[in-house]
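Summary of the model geometry
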Amino acid sequence: MRGRTPLSGIARPSSRRVVRRLPLNTAAALTVAVCLFPVFWMVATAFKPSRDIQSDDPRLLPEEWTLDHFRRAVDADGFALFWRNSILVTLSAVLLSLVVALGAAYAVARLRWRGRRQFMLAVFIAQMAPWESLIIPIYIISRDTGMLDRLPTLTLIYFMITLPFTVVVLRGFIAGIPPELEEAAQVDGCTRLGAFRKVAFPLLAPGLMATSLFGFITAWNEFTYANFLIIKQQDSRTLPVWLSSFQSTFGTDWGATMAASTLFALPALIVFLLLQRHVTAGLASGGVKG
């Protein structure tokens, strides 16, 4: 019994847990490093001089830091215009999706009506459908209705892409709120709409944040529809299409491309950092409850 301390029996299980978790922690760290390395290389390349970008001796960090690539990206034709187009289309699609999905999710979670299960099944099928398969039908409809080369067309498309996910998440979140809270508010004199606005809506903040982040990133990064439906009107293009302007028959300006990509990624990164506290709670509640 000599040499034993009262804490020795407590410290031993903790050290064993650390040893058991070491392989998992190492694998997680390697996964994070592999996922973040392309982003790191993009940012590092944006600050490298042109002579070092395609050098035979690549370096992780530039020996000389330069902002010339960022100047070329900002001074490129249409930078401010395409930036405005992307912000306008993305925010419009996200807001429209939230408004429509909130009403649909409330109707499914709170009301009892014929065809409710079939409606949710259709929403799940729409969520699983590959949107790239609808490019040709959407192009034909847009052409026949005179909606080609217009920003409202992209807004409606991004709205349709994000709507099923938004309905599913918000429906689960609303179902997780006890209906007795709204019933108590109605007993106190509130209407159904007033009870939802004063009681349930403030509790939906995590779900709204999660769906807003998903919709923002989806619409902000979308390239296929923006490149396929905006053909003649160059002024109606968005930032993902603008990035391809640094590629020509003479080659690709990698420095300006990486600088433009870095600037393009900043809004999505900022939005994620602002909403990250609510994203996990919103996805978990929307995916498990209801």
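What you see is a predicted model; the values in this text were computed from it and never measured. (Residues numbered from 1 in each chain as written. Predicted model: local features only at pLDDT ≥ 70, side-chain atom pairs only at ≥ 80, totals over all residues. Heavy atoms only, no water.)

**Some points on the packing of helix H4 (residues 79–110) against helix H7 (residues 151–175)**
- Taken N-terminus to C-terminus, the directions of H4 and H7 make an angle of 35°; their axes are 6 Å apart at the nearest point. When the axes of H4 and H7 are compared, the crossing they make is right-handed. (Axes fitted to C-alpha atoms, helices over the stretch in contact; angles between N-to-C directions. Helix = DSSP H or I, 4+ residues; strand = E, 2+ residues; numbered from the N terminus. Left-handed = near helix turned anticlockwise from the far one by under 90°.)

**Remarks on the packing of aromatic side chains**
- This model, assessed by the stated rule, comprises 14 aromatic pairs.
- Summarising the aromatic geometry, the rings of Trp220 and Phe264 are spaced 5.5 Å apart at their centres and angled 15° between planes, so their arrangement reads as stacked. In this pair, Trp220 is assigned in helix H10 (residues 205–221) and Phe264 in helix H13 (residues 254–288), connecting sequence segments 44 residues apart.
- An aromatic cluster of three or more residues is present, and its members are Phe79, Trp83, Phe216, Trp220, Trp242 and Phe264.
- Residue placement shows Lys48 over the ring face of Trp41; its charged tip is 4.1 Å from the ring centre. (Phe/Tyr/Trp six-rings, centres within 6.5 Å; stacked < 30°, edge-to-face > 60°. Lys NZ or Arg CZ within 6 Å of the ring centre and 35° of its normal.)

**As for the side chain of Glu182**
- Along the chain, the position of Glu182 falls in helix H8 (residues 179–187).
- Within the local environment of Glu182, its side chain forms a polar contact with the side chain of Tyr106, the two groups lying 3.3 Å apart. (Polar contact = N/O pair within 3.5 Å; in protein donor to acceptor, adjacent residues only side chain to side chain.)

**Comments concerning the nonpolar core**
- The biggest cluster of nonpolar side chains holds 40 residues, and the ones touching the most others in it are Ile174, Phe196, Leu204 and Trp242.
- If sequence neighbours within four positions are ignored, Phe196 has contacts with Leu102, Tyr106, Ile174, Glu182, Phe201, Pro202 and Leu204.
- Counting 17 residues, the second-largest nonpolar core is a separate cluster that includes Ile138, Leu148, Ile161 and Ile230. (Core = buried A, V, L, I, M, F, W, Y, C linked by side-chain atoms within 4.5 Å. Buried < 20%, exposed > 50% of the residue type's maximum accessible area, 1.4 Å probe, protein only. Contact = heavy atoms within 4.5 Å.)

**As for helix H3 (residues 68–75)**
- Among the residues making up H3, those that are buried are His69, Phe70 and Ala73. Here the buried residues of H3 occupy an arc of 100° about the axis, which is enough to place them on one side. (Arc of directions from axis to C-beta.)

**Points about the pattern of salt bridges**
- Using the criterion set out here, one finds six salt bridges in the structure.
- For Arg71, the salt bridge goes to Asp68, with nearest N and O atoms at 2.7 Å. Placement of both Arg71 and Asp68 in helix H3 is noted, with a separation of three residues, approximately one turn of the helix.
- On the accessibility criterion, Asp68 (40% relative accessible area) is partly exposed. (Salt bridge = Lys/Arg side-chain N within 4 Å of Asp/Glu carboxyl O.)

**Points about the confidence of the model for the protein chain**
- Per-chain confidence: the protein chain averages 82 in pLDDT, with 88% of residues scoring 70 or above.
- Per-residue pLDDT stays below 50 along residues 286–290; that stretch engages in ten contacts with residues further than four places along the chain or on separate chains. (pLDDT = per-residue confidence, 0-100.)

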